[in-house]
Structure formats: structure tokens, C-alpha cells
Amino acid sequence: MNEDQLQNEVFNFVPKIIENKIEKKFNNLSDIQLKGSSAEKGFIDLSDKIVESPIISRQNFSDLSDKKIFILVKGREFGFLEKDYKEFYKYVYQFISLDNFKERVSVDYLKEKILLWIVDVHINGKVTENLMTYLFRNISKDVQNQTFYFPILNMEIEKEFYIGNAKITYFTKQYLDEFYENKLSGELEKSTFSKSFGKFLGKVLVSVDIEAESKLAISLAIKNASYVVDVLKLTSPTVTIPSERCFLELESRIPFDYEYLSFKDNDISKFTYHIGINREHELKYTSEMIESWSELFEEFGNLINKKDEKSILIANSISFYSKCIAEEDLHLRISKLIMIIESIFLKEDENFKMEIKSKRRLLDFRFDSNHKLKNNFRLVLDNMYEIRHKMTHKSIRLYIDNSELRQFQQEIVHILFMICKISSPNFHKEDFLNWLDKKANV
């Protein structure tokens, strides 16, 4: 549908609005009876912080497949019958394909805003502002440029550098002091500022710029920052030392530390309090290292905002590779790495001789006519597949030669980089694989 059709279609939902009076379940907070662990935690009374209506609330569908949205206005609740929500949500999804909404607002944002408009028409019995004008007005107000800073665990850098458009940086004490004096000294106590911003002093941060409404902005920022760290992981020691745990990670993905208890002989008096730390050493990126990886950072970093088939294929493979090398079970890691290979070197409709085809295409692409290197890596590839096969189908764990796994992991990164560098303006995986088959005279 175009904008005019969507504008006309929305009126079908106005008669479907239902409203209910909200009954108070508790007269006083003391009437609330908490049980179990909740009773031990207690609760904080924030009733004086409740905002003026309209308020947006959510409830699960009866089959738990989605959530119903309700608008609360002056003691009354407005929404749809459950059967009408799915049609409403299908309608809302059509906005996302329009240029004025794409990558600027989330579906949840549109669900709320459009339902607010429908409820307003229902309450007032007339249209005070057409839907598109209402949405554009709100979007122009809610869509803002925001810069997000996410800490990266277990990393040190000698200088700032970029991965695509994202910056890997850190705050110095001088920068934070000047920031406070120039921007916040008149409205914030220095101790309060230090308590909040001091946590970031000296930490390595990934900085990403996003232009979107707040809900989508947070989602996109986390996605972009996560991808940047996925690219960084391609340069981590785990790639060359498979047995070494990969501690390089976005801080929001993994807690810095954790706590637990243990007891001896089931005697509570013989307890030990433990603190675990998700770190082993700080991975230091020197200026020389940053420079040596610059081409990889540029090529892979720029994929995140591209929508062509090749960029999506490589970006998805990089993110999955990041998860693979974080896997400490090396047998399972090998199985997952083979999934990356097959997602690249198998056609969508192929369902027989998949292992043979995948290996042949990979070897032909990576080594072309260098028969010595091709034969050497063929042995490694055969061993990796055999390890995957025995574990997946027989629950047998074969011996893993870490030098072979290192070569396997490194070659996958090399292959991703080679595909990234293919200069074809209209890359299609099917054409790429047909070209490899033709070279091999298959």
C-alpha cells in the first residue's frame, strides 16, 4: 500500500476499538501480598511518579504468541479484541517498507502511535489531524541523532581507530574534567558526575552514531556495536590459539564479574564466598597492530549498513564466527564453523553430496591452481569434517590437532576477506557458485 491507501485503511480499525473501566485492585500498597523471593526483596513505592494519561500497557495474547497494547486514558482502557490485534499489526508492518519510516522508527513505535491516533478519533468522534501528518509530526520530534558509547571488556588501545564508521576510543581524565567544567558544572555536583562518568575512565569504548527514535536507536546501536566487536574478534588470539578463551567482548553481552557460594559437607557454617571475573588479560592493540589490521577493519566494518547480498552474507558470517570462537567446547566450535562454510559454498536447493561440493568449491576458490597448498588444506578440511561427523552423528569426540584448528579458523577469515574484496557490483551467491563449478568443469 502507498501512503494514501494506508491513510484510508486505518479508519477500518476505529469501530473495532473497545473500552473498559479500570477497577482498582488495591486501595493501599499495604494490601499487596508478595510471596516467595519477591517478599524478601520488597518493593519501592513509585505511585507518586505515575505520569499523566495516556499510559500504554501491554498484556500477553492467550496463546502467548504476542502482546496486546492498551491505551489508558482517565481511568478507562482502550484497545481491540484479541482477534483484531493481528490484523492491526499486519497493517502497521506495511509502514516499515515506506521510505519515510524505514530505519527511522521501530514497529513497536508505530504500533503505539497509530493506536493512540485511533483511540483519539474514537474518543473525540472526529479526525483532528490526519494519520500521516500526525506520524510525520511525531517522527520529526522523536527521531534524533544520538551517539552511543559501549564499553569493551578486556581490551587496551594505544590510539583511537575506526572500524567502518564506528570509533574505538576511550575517555581521558583531562577530557572528562573539561567536559564537566564546560557543560555540567552549573547543574551537577562533581561527586555525582565522577560517580557516573568515572566508571568509563580508561575503558575502551565503541562509539556509534544513530539517527532514529529512541527504541529503534537503542536496538540499532547495540546491533552495530556488537558487530564491531565481532569484527574485532577476528583479530583475537583465539583465532591463532584455539584453546585460549576469547575474553574480548562487548560489556553488555557479558558481566564483568559474578558471585556465587559453596558449602562443604552440606554444612552452612562451612561456606566460601566466590567472585568470578570474566577476564584473563587485557588484549592490547598497539599502534602497529591497529595499522596492520586497518584494511580488514575498513572492509568488514563498512558492511554493517549495506544491504546487498554479498555484504549481508559476509556480515552474518562474521557475527556467527564471533559466536563460534567464543565456544569453549572445541568439538562444538568446529561443527559451528563448518556451518559458516556451508552457508557460503552451498546453494539453497542442494541436498545431496553437500560435503563434497562445499569442500571442492572452498578449495578451488581459496587456492585456485596452487595444488600443494590446496592438498595440504584438504587434509585439514577432511579432518574437521570427520570431527564434526563423529560428534554430531555418533557422540564420539575425536582428537583435535590444535595446529589444524588454528589453520582452519584462519582460513575462514581469509575466505571471508577474499569474498568481501570481489569487485562484482551485482554479486549473487548462486552466480558465484556456478562460476566455481564452471571453473572445475562440473
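Here the structure is a predicted model, which is why all the values come from computation and not from measurement.

What counts, and where the lines are drawn
- Residues numbered from 1 in each chain as written.
- Predicted model: local features only at pLDDT ≥ 70, side-chain atom pairs only at ≥ 80, totals over all residues.
- Heavy atoms only, no water.
- Axes fitted to C-alpha atoms, helices over the stretch in contact; angles between N-to-C directions.
- Helix = DSSP H or I, 4+ residues; strand = E, 2+ residues; numbered from the N terminus.
- Parallel < 35°, antiparallel > 145°, perpendicular 65-115°, else oblique.
- Left-handed = near helix turned anticlockwise from the far one by under 90°.
- Contact = heavy atoms within 4.5 Å.
- Nonpolar A, V, L, I, M, F, W, Y, C, P; charged D, E, K, R; others polar.
- Core = buried A, V, L, I, M, F, W, Y, C linked by side-chain atoms within 4.5 Å.
- Buried < 20%, exposed > 50% of the residue type's maximum accessible area, 1.4 Å probe, protein only.
- Pairing = 2+ DSSP bridges.
- Phe/Tyr/Trp six-rings, centres within 6.5 Å; stacked < 30°, edge-to-face > 60°.
- Lys NZ or Arg CZ within 6 Å of the ring centre and 35° of its normal.
- Expected span 1.5 Å × (residues − 1).
- Polar contact = N/O pair within 3.5 Å; in protein donor to acceptor, adjacent residues only side chain to side chain.
- Salt bridge = Lys/Arg side-chain N within 4 Å of Asp/Glu carboxyl O.

S.K.: Describe the packing of helix H6 (residues 173–184) against helix H7 (residues 190–197), listing the residues and the values that go with them.
M.R.: For the pair H6 and H7, interaxial distance at closest approach is 11 Å and the crossing angle is 130°. Of the possible angle classes, the one that applies to H6 and H7 is oblique. Here H6 and H7 pass one another in a crossing that is right-handed. Together, Leu-176, Asp-177, Phe-179, Tyr-180 and Leu-184 of H6 and Lys-190, Phe-193 and Phe-197 of H7 make up the contact between the two elements. Class assignment of the residues belonging to the contact of H6 with H7 gives a composition of six nonpolar, no polar and two charged.

S.K.: Describe the nonpolar core, naming the residues involved and giving the relevant values.
M.R.: Core analysis: the biggest nonpolar cluster contains 74 residues, and Ile-168, Phe-300 and Phe-408 have the highest contact counts within it. With nine residues, the top contributor of residues to this core is helix H8 (residues 214–233). In contact with Phe-300, other than residues within four places in its own chain, are Tyr-227, Val-231, Leu-234, Ile-314, Ile-318, Val-413, Leu-416, Phe-417 and Cys-420. Counting residues in each nonpolar core, the second largest holds 38 residues, with Val-14, Phe-78, Tyr-91 and Leu-131 among its members.

S.K.: Hey, could you go over the sheet that holds strand E8 (residues 166–170) for me, with residue numbers and the actual values?
M.R.: Taking strand neighbours across the sheet as the criterion, the five strands line up as E7-E8-E9-E5-E10 in an open arrangement whose pairing is antiparallel. Edge strands, defined here as strands with exactly one partner in the open sheet, are strand E7 (161–163) and strand E10 (249–250). Strand direction decides the pairing type here: E7 and E8, joined by three bridges, are antiparallel. Note on E8: the bridge partner recorded for Ile-163 is Ala-166.

S.K.: Describe the packing of aromatic side chains, listing the residues and the values that go with them.
M.R.: Applying the stated criterion to the full structure yields 31 aromatic pairs. Between Phe-13 and Tyr-91, the aromatic rings sit 5.3 Å apart at their centres with planes inclined by 45°, giving tilted as the arrangement. Within this pair, whereas Phe-13 is found in the loop between helix H1 (3–9) and strand E1 (18–21), its partner Tyr-91 is found in helix H3 (residues 82–93), the two being separated by 78 residues in sequence. Arranged with centres 5.9 Å apart and planes meeting at 85°, the rings of Phe-300 and Phe-417 form a pair that is edge-to-face. Remark: Phe-417 occurs in helix H16 (residues 402–420) and Phe-300 occurs in helix H11 (residues 294–301); sequence separation between them is 117 residues. By relative accessible area, Phe-300 is classed as buried at 0%. Counting every residue linked through ring pairs, the aromatic cluster contains Phe-13, Phe-61, Phe-70, Phe-80, Tyr-85, Phe-88, Tyr-89, Tyr-91, Phe-95, Phe-101 and Phe-136. The aromatic ring of Tyr-89 is capped on one face by Lys-111, whose charged end is 3.9 Å from the ring centroid. Here Lys-357 stacks its cationic end above the ring of Phe-352, 4.1 Å away from the centre of that ring.

S.K.: Summarise H8; cite the residues concerned and give the values.
M.R.: For H8, with 20 residues, the first-to-last C-alpha span of 28 Å sits near the 28 Å given by 1.5 Å per residue. Two or three places before Lys-215, at the start of H8, stands the capping residue Glu-213, its side-chain oxygen 2.9 Å from that residue's backbone nitrogen.

S.K.: Just give me the short version of the packing of helix H13 (residues 330–345) against helix H15 (residues 371–394), but keep the residues and values in it.
M.R.: The interhelical angle for the contact between H13 and H15, taken along N-to-C directions, is 115°, at an axis separation of 9 Å. Between H13 and H15 the crossing geometry is left-handed. Counting all contacts with H13, which are made through His-331, Leu-332, Ile-334, Ser-335, Ile-338, Ile-341 and Glu-342, the residues of H15 involved are Leu-381, Met-384, Tyr-385, Ile-387, Arg-388, Met-391 and Thr-392. Of the residues contributing to the contact of H13 with H15, the split by class is nine nonpolar, three polar and two charged.

S.K.: Now, about the environment of Leu-116: what can you tell me, with residues and values included?
M.R.: Looking at the secondary structure, you find Leu-116 in helix H4 (residues 107–124). Note on Leu-116: relative accessible area 19%, which makes it buried. Between the alpha carbons of Leu-116 and Leu-72 there is a distance of 9.9 Å; along the sequence they are 44 residues apart. In this view, Leu-116 contacts Pro-54, Ile-56, Ile-71 and Tyr-134; residues no more than four positions away in its chain are not counted.

S.K.: An account of the sheet that holds strand E4 (residues 76–79) is requested, with residue identities and associated values reported.
M.R.: Paired through their backbone hydrogen bonds, the strands of a sheet run either parallel or antiparallel. Reading across from one edge, E1-E4-E3-E2 is the order of the four strands in this open sheet, with antiparallel pairing throughout. On the outer flanks of this sheet lie E1 and strand E2 (55–60), each paired with one strand and no other. For this sheet, the mean angle separating the axes of adjacent strands, direction not counted, is 30°. Where E1 and E4 come together, four bridges link them in antiparallel fashion. Bridge pairing in E4 places Asn-20 opposite Glu-77. Of the strands in this sheet, strand E3 (67–73) and E4 touch H3, which is tilted by about 100° from E3. Sitting on the sheet, H4 touches E1, E2, E3 and E4, and the angle it makes with E3 is about 45°.

S.K.: Hey, could you go over unusual backbone geometry for me, with residue numbers and the actual values?
M.R.: Even without being a glycine, Asn-154 presents a positive backbone phi close to 60°. With respect to the helices, strands and loops of the structure, Asn-154 is situated in the loop between strand E5 (144–153) and strand E6 (155–157). Unusually for a residue other than glycine, Asp-368 sits at a positive phi of about 50°. Looking at where Asp-368 falls in the secondary structure, it is placed in the loop between helix H14 (354–367) and H15.

S.K.: Kindly report on the pattern of salt bridges, identifying the contributing residues and their values.
M.R.: A complete count under the given rule lists 30 salt bridges for this structure. Linking Lys-190 and Asp-177 is a salt bridge whose minimum nitrogen-to-oxygen distance equals 3.7 Å. Of this pair, Lys-190 sits in helix H7 while Asp-177 sits in helix H6; the two residues are 13 residues apart in sequence, bridging distant segments of the chain. Across the pair Asp-329 and Arg-397 runs a salt bridge whose closest N-O atoms are separated by 2.9 Å.

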